[in-house]
Number of protein chains: 4
Amino acid sequence: MNKIKASIIGASGYAGAELLRILLLHPNVEVVGITSVSYTGQGIETIYPSFTKICEKLLVTEEEAVELADVVFASMPHGLSQELAATCDKNGKVFIDLGADFRLDEGEVYEKWYGKEYVHEDLHKKAVYGLSEIFREDVKNTKIIGNPGCYPTSISLGLYPAIKNQLIVADDLIIDSKSGVTGAGKGLSQKTHYPECNEAFSPYNIGKHRHTPEIEQTLSKFAGKEVRVTFTPHLLPVNRGIVSTIYCNKATDMTLEEIRNLYVEAYKNEKFVRVLPLGDCANLKNVRYSNYCDISLHEDTHTNKLIIVSTIDNMVKGAAGQAVQNMNIVFGFEEDAGIAFIPPAF
Amino acid sequence: MNKIKASIIGASGYAGAELLRILLLHPNVEVVGITSVSYTGQGIETIYPSFTKICEKLLVTEEEAVELADVVFASMPHGLSQELAATCDKNGKVFIDLGADFRLDEGEVYEKWYGKEYVHEDLHKKAVYGLSEIFREDVKNTKIIGNPGCYPTSISLGLYPAIKNQLIVADDLIIDSKSGVTGAGKGLSQKTHYPECNEAFSPYNIGKHRHTPEIEQTLSKFAGKEVRVTFTPHLLPVNRGIVSTIYCNKATDMTLEEIRNLYVEAYKNEKFVRVLPLGDCANLKNVRYSNYCDISLHEDTHTNKLIIVSTIDNMVKGAAGQAVQNMNIVFGFEEDAGIAFIPPAF
Amino acid sequence: MNKIKASIIGASGYAGAELLRILLLHPNVEVVGITSVSYTGQGIETIYPSFTKICEKLLVTEEEAVELADVVFASMPHGLSQELAATCDKNGKVFIDLGADFRLDEGEVYEKWYGKEYVHEDLHKKAVYGLSEIFREDVKNTKIIGNPGCYPTSISLGLYPAIKNQLIVADDLIIDSKSGVTGAGKGLSQKTHYPECNEAFSPYNIGKHRHTPEIEQTLSKFAGKEVRVTFTPHLLPVNRGIVSTIYCNKATDMTLEEIRNLYVEAYKNEKFVRVLPLGDCANLKNVRYSNYCDISLHEDTHTNKLIIVSTIDNMVKGAAGQAVQNMNIVFGFEEDAGIAFIPPAF
Amino acid sequence: MNKIKASIIGASGYAGAELLRILLLHPNVEVVGITSVSYTGQGIETIYPSFTKICEKLLVTEEEAVELADVVFASMPHGLSQELAATCDKNGKVFIDLGADFRLDEGEVYEKWYGKEYVHEDLHKKAVYGLSEIFREDVKNTKIIGNPGCYPTSISLGLYPAIKNQLIVADDLIIDSKSGVTGAGKGLSQKTHYPECNEAFSPYNIGKHRHTPEIEQTLSKFAGKEVRVTFTPHLLPVNRGIVSTIYCNKATDMTLEEIRNLYVEAYKNEKFVRVLPLGDCANLKNVRYSNYCDISLHEDTHTNKLIIVSTIDNMVKGAAGQAVQNMNIVFGFEEDAGIAFIPPAF
């Protein structure tokens, strides 16, 4: 089989390493370059010994990696991928950004939340927000993809059928999310130091997490009008996984079963979204190490609330897996190629 | 010092074992009897080897334990403590129930949620709900105490000043709680089996947890009118601790700092409630193995929400510690006697 | 591609479920039957929701499952697979036993440690001990395979080059092993109850673990004479993985580097065994969810000891993965077909 | 009661913080000064929020803290406490060093393992190795105490009766130890970063851990001749606790029961050492957050080994708790004053 050539810019970070793990076994891909500003010249297995004897590629410079590639994945601190996108655009390469630079439509919003500017307005106009299941048609026709954030992915997939079908009052949503510690990345900090993170639990960045505008932008598109959310992330003492518990005021007389039917219908062709049987609760253990998003639906009849629980693996569906899914869509591969992992039961 | 005599009915369960651990070092208490239906005749150290050489008391029958005691603590499945309460009442003993039988005012509500009946209506009328900080005066004048549930304790203390001062719209509260696994007790189940509980996270009993009526009853008392809550508990892969994240619509123009000042004022004489500095987030690691309740206050200005985070150790302030606090109040001991543990930093 | 048909007897246990997960994506296999005594008639996804929408096969009876299969995997309590082996033998099916019934050469030893008898002596004679890397040629020529235990796999692979090359005094080996909790299986017990297993650590079955005779049998074959080991297993609070730390008296003047070279040579054609660079320590995190065995070599010069650290994923290389590796060998598939997982970095 | 005045030099580290937690509730102690080079001028609760409202002391300079104190505890990187000891010595203050500077008798050995010199030979001669149970009489008569390391404490207490009674061949001991992550301290590192430490397990510093000479020095004193050990530490994914599994060749025909009797006899007056019943295995969960050392005894009859399992809380008996125990001995307080914690059952 003819394979496309892929490079990963920022392969020493967690999302980059996970992406490498996936791409190395992808049937349609050859990894031609991996880079890291901090470790150029070293083998990736010296940073992640899990790659020993499997991939001992040297980390090269960005220039080398980009030149060889048909598709370039970037996993870098925000603000750094715009120039890279421009280079790819000029040279006809597909560019998939796992960072935040191509997720927000408005430069103004980006600047407010990230403190940087949009330097190439035209590229941002070309860019597509790669929530694969929902914006698949747009993804097919672009070469610049802003891969969604981990929290927004769990939340958007969880809310899409409810908002689309006007089942809920969409302007006052409470979203209580919990993320595993890989979400905080490879960088060291006191709060991710094992003895202070283990047997601990706490929210953080309440009312000011940078994923908030991204969530509202996507939900507003679903609703066709402005949506506001109260979003509270928590740090969960597990390695992987996000659970979002979403509280909505019902705007329908439908039973929970009827609501579930609409969810099943909305996702009937989607391999990676599983609407659970009524009575079950979505649990991150059932999606870890996979590209699945599990959604369970509940109601509190005495307060007339619909409660949606949505869970993903933050490193796969919430980062590297969805990036590969988007690549598959762009290049016309099987959409599950290389990401059909079955989540382990334990 | 003259010591009172205490017995624990149901000492082989988690709350009972924690109570024993606390009472053994209490300066004003002598433990005279411990019981367990399943293990009568065995030493407690055969069930919990942590007690080896410290307390190797034999588990005796309920009759023996009650007879010797001035105060009887009960930690039993619901429905079983009413007769015991009657016996204590008849014999002038103080009775502190860590179970659910004396928490709800209305027999009807109890029956609806627990499927059993109130058999001694008079005892339920005499009983006081032992949320120590709020109902201290009532506790002083009773001999039957319904010790609050773990979730309700974290939630009631977190909301008391906000409701009392009418800072929030109290009839539509969203409460997203997360509890450590000791909350599920000593009984075995697939969901608390280590390989299925570790690296997992999920809500449970959504819209139907038995603590819901207890929460609403207490908050309604604070409000002087009916309060309704949407309460969602989650199982958190840590041994101990509860974090409740509470979402409220603000009913005031006060700044967050002014709101915090009201909280500080409300709890200024309370050793065990700590209102954290603005900017900090309550974290269960800072209250584990202690009787403290930490509360942090936050706002989401763009949705006009007040967000309250309240955390306790479910086994101490949420069970055995508060039971001892109530005992201290009833008997006129220093309120922190035997429970002045400093939470370990790690 | 023409696929062989496989059935799993005992698919509701942990090893069976892991095997199912692997076989479902195996390019040369179709899973035709899965069974469970306790859950016959239910879908596997009701027991392990991780299989939802991926495999919702019903659990059938043993008869149905065996009849359809070319290869039968058994994961049952010891003593139960002998009759099944006989049926397979009679019908020309390949039989791979993940339990203990076909691991020991001598019926007497089996009886001593497992309390049951060998009923079909001829089958035990035909059976091959499926330590794939070492006994590959024998595996090729058998239809009955006793798949090695998890501890023995880590230990045998760790010691093979040292014993084979007479680098150590093989009659007094100290083996200190630590296993993740999946090794204890799906069955509930107080010691695997989350609050008692989390933040805990302890040895168990000291001097009497059933894997001892299996370890000694294999090592004795390597040595060509009787080997005795002191084997101590510990329960490690992680889901997966075994680390064996093995203490040997050196019987050579070789440097550690020379010893390592012999290890590299011994495993130079083995994909799944990785001899780490000197200075590195084998860590179970680098083999989790994979079929790799990582070995690191160390010495304590002041006591003249060679210290070997060997780590595997107990559920993959220590159970289901090696079983599939053996199947691949028997049927002439690529040896890594279906088990080429790259271990995740976190 | 008249209280002595205590200061902690290095209170921002883990051992220092634990010491503070203990001393604050000690009936005979007033904490008069706490210091930290990095945080001078800050309140301790800004570093460890667990101290909020309990102790909000400012961190001061070493000079201030020492001047006020009767007893000075030091918890500093090695090499830094010798001058401090000299100051205390000159001013008649008791000095208890939780670091390594006063543990080794020979300056030469210290230099070999720690790369620094003994600058005040006379102080090292005056210093006593504070293994409380064994060297109590010496501790009573000194003002300079080298508090034992965490690994050495578990190992020395585990081996004392066996060596003293010549039950084992003491010149070839294999010690396989596992420590919780607090043992690595507050400093950040990749290996203690939560996602890389959680669900991981590995040995480290094999054959070259700095506790080796300390262990050998103590055991040699017990034996009256040189003892050599092979010591391998492992990093265990729990917050607290050490388990040492010790393999010895038996030098006696005594039964295990007789051996246990000698252990019971040796520790019959020791509150903090618990010799477990035969058949039980020492588990770190039973000593966490306490000053206890649990010892269990086992044998492997077919290799004639005595296997000793010894467990402590590394931060309490292995550091701060034993330091307070030593202080109690020096000042003639009840030996368990302030450290009589009952280990929690979970």
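Residues numbered from 1 in each chain as written. Chains lettered and ligands numbered in written order. Predicted model: local features only at pLDDT ≥ 70, side-chain atom pairs only at ≥ 80, totals over all residues. Heavy atoms only, no water.

A count of helical and extended segments in chain A gives 12 helices and 13 strands. Against the compact-globule benchmark of 20 Å for 346 residues, chain A has a radius of gyration of 20 Å, which places it among compact chains. In terms of overall dimensions, chain A has C-alpha extents of about 60 × 45 × 40 Å along its principal axes. The proportion of buried residues among the 346 residues of chain A is 66%. (Helix = DSSP H or I, 4+ residues; strand = E, 2+ residues; numbered from the N terminus. Rg over C-alpha atoms; globule rule 2.2 N^0.38 Å. Buried < 20%, exposed > 50% of the residue type's maximum accessible area, 1.4 Å probe, protein only.)

Overlaying chain A with chain C gives an RMSD of 0.0 Å, the required rotation being 180 degrees about an axis along which the chain moves by 0.0 Å. Taken together, these values place the two copies in the relation of a two-fold axis. The overlap is high: 100% of the interface residues of chain A also sit at the interface in chain C, so the same surface is used on both sides. (Least-squares fit on C-alpha atoms with pLDDT ≥ 70 in both. Contact = heavy atoms within 4.5 Å.)

The interface of chain A with chain C comprises 37 residues on the first partner and 37 residues on the second. Around 3,000 Å² of area is buried between chain A and chain C when both sides are counted, 63% of it from carbon and sulfur atoms. The largest share of the area that chain A buries against chain C comes from Ser50, Ile342 and Phe346 of chain A, three residues that together contribute 28% of it. At the surface where chain A touches chain C, the tally comes to zero salt bridges. (Buried area = accessible area lost by both parts, 1.4 Å probe. Salt bridge = Lys/Arg side-chain N within 4 Å of Asp/Glu carboxyl O.)

A few words now on the relation of the copies chain B and chain A. Between chain B and chain A, the superposition needs a rotation of 180 degrees and an axial shift of 0.0 Å, giving an RMSD of 0.0 Å. With an isologous cut-off of 70% or more, the 100% of interface residues of chain B that recur at the interface of chain A puts this contact in the isologous class.

A separate point is the interface of chain B and chain A. Taken together, the contact pairs 47 residues of chain B with 47 residues of chain A. Here chain B packs against chain A, burying approximately 3,700 Å² in sum over the two surfaces, 57% of which is carbon and sulfur. Of all residues in chain B, the largest losses of buried area upon contact with chain A belong to Glu199, Phe201 and His302 of chain B, amounting jointly to 18% of the total for that side. Here chain B and chain A share eight salt bridges between them. Note that Lys305 of chain B is salt-bridged to Asp172 of chain A, the shortest N-O span being 2.7 Å. Remark: the boundary between chain B and chain A carries 26 residue pairs in polar contact (both at pLDDT 80 or more). When contributions to the side of chain B that touches chain A are tallied by element, the ones reaching two or more residues are strand S7 (173–179), helix H9 (194–197), strand S8 (202–203), helix H10 (211–223), strand S9 (229–235), strand S10 (242–249), strand S12 (293–300) and strand S13 (305–312) of chain B. For the side of chain B that touches chain A, the leading source of residues is S9 of chain B, giving five residues. (Polar contact = N/O pair within 3.5 Å; in protein donor to acceptor, adjacent residues only side chain to side chain.)

This brings us to the packing of aromatic side chains. What characterises a pair of aromatic rings is the spacing of the ring centres plus the angle enclosed by the ring planes. Scanning the model with the defined rule gives 56 aromatic pairs over all chains in all. Between Tyr160 of chain B and Tyr267 of chain B, the aromatic rings sit 6.4 Å apart at their centres with planes inclined by 45 degrees, giving tilted as the arrangement. Note that Tyr160 of chain B is positioned in helix H8 (residues 150–164) and Tyr267 of chain B in the loop between helix H11 (256–266) and strand S11 (273–275), a separation of 107 residues in sequence. Judged by its relative accessible area of 2%, Tyr267 of chain B falls in the buried class. Members of the aromatic cluster, joined through ring pairs, are Tyr129, Phe135, Tyr160, Phe222 and Tyr267 of chain A. The ring of Phe341 of chain B carries Arg21 of chain B above its face, with NZ or CZ at 5.8 Å from the centroid. A cation over a ring is seen here: Lys221 of chain B above Phe135 of chain B, with NZ or CZ 5.8 Å from the ring centre. (Phe/Tyr/Trp six-rings, centres within 6.5 Å; stacked < 30°, edge-to-face > 60°. Lys NZ or Arg CZ within 6 Å of the ring centre and 35° of its normal.)

Turning to the side chain of Ser50 of chain D, a few remarks are in order. Looking at the secondary structure, you find Ser50 of chain D in the loop between helix H2 (44–47) and helix H3 (62–68). Apart from residues lying up to four places away in sequence, Ser50 of chain D is in contact with Arg274, Asn286, Pro343, Pro344 and Ala345 of chain B.

Attention now goes to the packing of helix H7 (residues 132–140) of chain D against helix H12 (residues 316–331) of chain D. Residue and element names in this part refer to chain D. Direction vectors running N to C along H7 and H12 enclose 40 degrees, while the axes themselves pass 10 Å from each other. The orientation of H7 relative to H12 falls into the category oblique. Considering the relative orientation of H7 and H12, their crossing is right-handed. Between H7, through Ser132, Glu133, Arg136, Val139 and Lys140, and H12, the contact on the second element is made entirely by Lys317, Gln322, Gln325, Asn326, Ile329 and Val330. Residues belonging to the contact of H7 with H12 are distributed by class as follows: three nonpolar, four polar and four charged. (Axes fitted to C-alpha atoms, helices over the stretch in contact; angles between N-to-C directions. Parallel < 35°, antiparallel > 145°, perpendicular 65-115°, else oblique. Left-handed = near helix turned anticlockwise from the far one by under 90°. Nonpolar A, V, L, I, M, F, W, Y, C, P; charged D, E, K, R; others polar.)

Another aspect to go through is the domain arrangement of chain A. All names here are of chain A. Annotation of chain A at the domain level lists domain 1 (4–148 + 317–331) and domain 2 (151–314). The interface of domain 1 with domain 2 comprises 27 residues on the first partner and 31 residues on the second. Summed over both sides, the interface between domain 1 and domain 2 buries roughly 2,400 Å², with carbon and sulfur atoms accounting for 57% of that surface. Looking only at domain 1, the three residues that lose the most surface to domain 2 are Tyr14, Trp113 and Lys317, adding up to 29% of its buried area. For Glu270, the salt bridge goes to Arg136, with nearest N and O atoms at 2.6 Å. Applying the counting criterion to the domain 1 and domain 2 interface returns 16 residue pairs in polar contact (both at pLDDT 80 or more). Here the element with the most residues in the side of domain 1 that touches domain 2 is helix H12 (residues 316–331); it accounts for six residues. Within the side of domain 1 that touches domain 2, the residues separate by chemical class into 14 nonpolar, six polar and seven charged. (Domains from an automatic or database assignment.)

Glancing now at the sheet that holds strand S7 (residues 173–179) of chain D. Residues and elements named next belong to chain D. Strand order across the open sheet formed by seven strands is S8-S9-S7-S10-S13-S12-S11, with mixed pairing between neighbours. Taken across any chain shown, the strands that pair with only one partner, and hence form the sheet edges, are strand S8 (202–203) and strand S11 (273–275). Relative to strand S12 (residues 293–300), S11 runs parallel, the two sharing three bridges. When the sheet's bridge partners are listed, Arg274 is paired in S12 with Asp294. Here helix H11 (residues 256–266) sits on the sheet in contact with S11, S12 and strand S13 (305–312), set at roughly 160 degrees to S12. (Pairing = 2+ DSSP bridges.)

Let us now look at the sheet that holds strand S4 (residues 94–97) of chain A. Strand order in the open sheet formed by six strands is S2-S1-S3-S4-S6-S5 (chain A), with parallel pairing between adjacent strands. Bordering the open sheet on either side are strand S2 (29–35) and strand S5 (128–129) of chain A, each of which pairs with just one other strand.

Glancing now at a negative patch on the surface. All names here are of chain A. Side chains of Glu106, Glu108, Glu111, Glu117, Glu121 and Asp122 sit close together on the surface and give a patch of like negative charge. Broken down by secondary-structure element, the contributors of at least two residues to the negative patch are helix H5 (107–114) and helix H6 (121–126). Relative to the helices and strands, Glu117 resides in the loop between H5 and H6. Residue class for Glu117 comes out exposed when judged on its relative accessible area of 51%. (Patch = residues over 30% accessible without salt bridge, like charges linked within 9 Å, V, L, I, M, F, W, Y side chains within 5 Å. Areas by Shrake-Rupley, 256 points an atom, 1.4 Å probe, with all protein chains shown as cover. Lys, Arg positive; Asp, Glu negative; His and termini not counted. Charge placed at Lys NZ, Arg CZ, Asp CG, Glu CD.)

If pLDDT is low for a region, its predicted coordinates should not be looked at in detail. Looking at chain A, the pLDDT average stands at 97 and 100% of residues meet or exceed 70. Under the prediction, the complex receives an ipTM of 0.97, its pTM being 0.98. (pLDDT = per-residue confidence, 0-100.)

With phi around 50 degrees, Gln166 of chain B is a residue other than glycine that occupies positive phi space. Here Gln166 of chain B shows up in the loop between H8 and S7. Here Gln166 of chain B falls in the exposed class, since its relative accessible area comes to 63%. Located in the positive-phi region is Asn205 of chain D, a residue other than glycine, with phi close to 50 degrees. Inspection of the secondary structure assignment puts Asn205 of chain D in the loop between S8 and helix H10 (211–223). Accessibility expressed as a relative area gives 36% for Asn205 of chain D, which makes it partly exposed.

Residues and elements named next belong to chain D. Positionally, Ser310 belongs in strand S13. Residue classification places Ser310 among the buried positions, given a relative accessible area of 0%. Taking the C-alpha atoms as reference points, Ser310 and Leu59, 251 residues apart in sequence, are found 36 Å from one another. Sequence-distant contacts of Ser310, defined by excluding residues within four places in its chain, comprise Ser154, Gly158, Ile242, Val243, Ser244, Cys293, Asp294 and Ile295. One polar contact links the side chain of Ser310 to the main-chain carbonyl oxygen of Ser154, over a distance of 2.6 Å.

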